[in-house]
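Survey of secondary and tertiary structure
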Amino acid sequence: MAKRGGFIPGGGNMNNLMKQAQKMQREMLAAQEEAKSMEFEASAGGGMVKAVVTGENVVKSLVIDPSAVDPEDVDILQDMIVAAVNEGLRSAQEATNQRMGAITGGMNLPF
């Protein structure tokens, strides 16, 4: 009589697969919590505008060099602020993706 028990083609069984999935889930949750506490700094305009964002994609601080403030050209200052914040957010997302990729072994899972 053939055994039943959830054998997976290519070897292994369902219990081992579930244990691996649970371990991966725990590691992913730990990495997400770790990423939340991380901070990422980015700058624009040669350092005239600096933004610090968290791994939760929250802007924590924004520093503007007084020499960047030109009442006649506010558009440049606004562009520098947007660039610095977006770069900080991109860095945070990239770091999170790298950590998750290391845990999932490159599987393309939604985070």
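Look up: the structure comes first, before these words.
Residues numbered from 1 in each chain as written. Predicted model: local features only at pLDDT ≥ 70, side-chain atom pairs only at ≥ 80, totals over all residues. Heavy atoms only, no water.

**Describing the nonpolar core**
- Among the nonpolar cores identified, the biggest contains eight residues, and these are Ala-44, Val-49, Ala-51, Ala-68, Leu-77, Met-80, Ala-84 and Val-85.
- Mapped onto this core, the elements with two or more residues apiece are β2 (49-54) and α2 (74-104).
- Once residues lying within four places of it in the same chain are set aside, the contact partners of Met-80 are Ala-44, Gly-45, Met-48, Val-49 and Ala-68. (Core = buried A, V, L, I, M, F, W, Y, C linked by side-chain atoms within 4.5 Å. Buried < 20%, exposed > 50% of the residue type's maximum accessible area, 1.4 Å probe, protein only. Helix = DSSP H or I, 4+ residues; strand = E, 2+ residues; numbered from the N terminus. Contact = heavy atoms within 4.5 Å.)

**A closer look at the pattern of salt bridges**
- Within this structure, the stated rule accounts for six salt bridges.
- Across the salt bridge formed by Lys-36 and Glu-33, the nearest N and O atoms sit 3.2 Å from each other. Separated by three residues within a single helix, Lys-36 and Glu-33 lie in helix α1 (residues 14-37), roughly one turn from each other.
- Relative accessible area serves as the criterion here: at 34%, Lys-36 is assigned to the partly exposed category.
- Here Glu-87 and Arg-90 are joined by a salt bridge, their closest N and O atoms 2.5 Å apart. Note that Glu-87 and Arg-90 are positioned in helix α2 at a spacing of three residues, about one turn of the helix. (Salt bridge = Lys/Arg side-chain N within 4 Å of Asp/Glu carboxyl O.)

**Examining α1**
- Taking 1.5 Å of rise per residue, the 24 residues of α1 would be expected to cover 34 Å, and the 35 Å separating its terminal C-alpha atoms lies within 8% of that figure.
- Turning to α1, its buried residues number three or more, namely Met-28, Ala-31 and Ala-35.
- Lining the buried residues of α1 we find α2.
- Where α1 begins, the capping side chain belongs to Asn-13, and its oxygen is found 3.0 Å from the backbone nitrogen of Asn-15. (Expected span 1.5 Å × (residues − 1). Polar contact = N/O pair within 3.5 Å; in protein donor to acceptor, adjacent residues only side chain to side chain.)

**Looking at α2**
- The first and last C-alpha atoms of α2 sit 45 Å apart over 31 residues, in line with the 45 Å expected at 1.5 Å per residue.
- Within α2, the full set of buried residues consists of Leu-77, Met-80, Ala-84, Val-85, Gly-88, Ala-92, Ala-95, Thr-96, Met-100 and Thr-104.
- The elements touched by buried residues of α2 are α1, β1 (39-44), β2 and β3 (59-64).
- The first or second residue beyond α2 is Gly-105, which carries a positive phi of 70°.

**Describing the pairing of β3**
- Pairing between β2 and β3: five bridges, direction antiparallel. The partner of Val-52 across the bridge, within β3, is Ser-61.
- Where β2 folds back onto β3 in an antiparallel hairpin, the turn is made up of four residues, including Asn-57, whose phi is positive at roughly 60°. (Pairing = 2+ DSSP bridges.)

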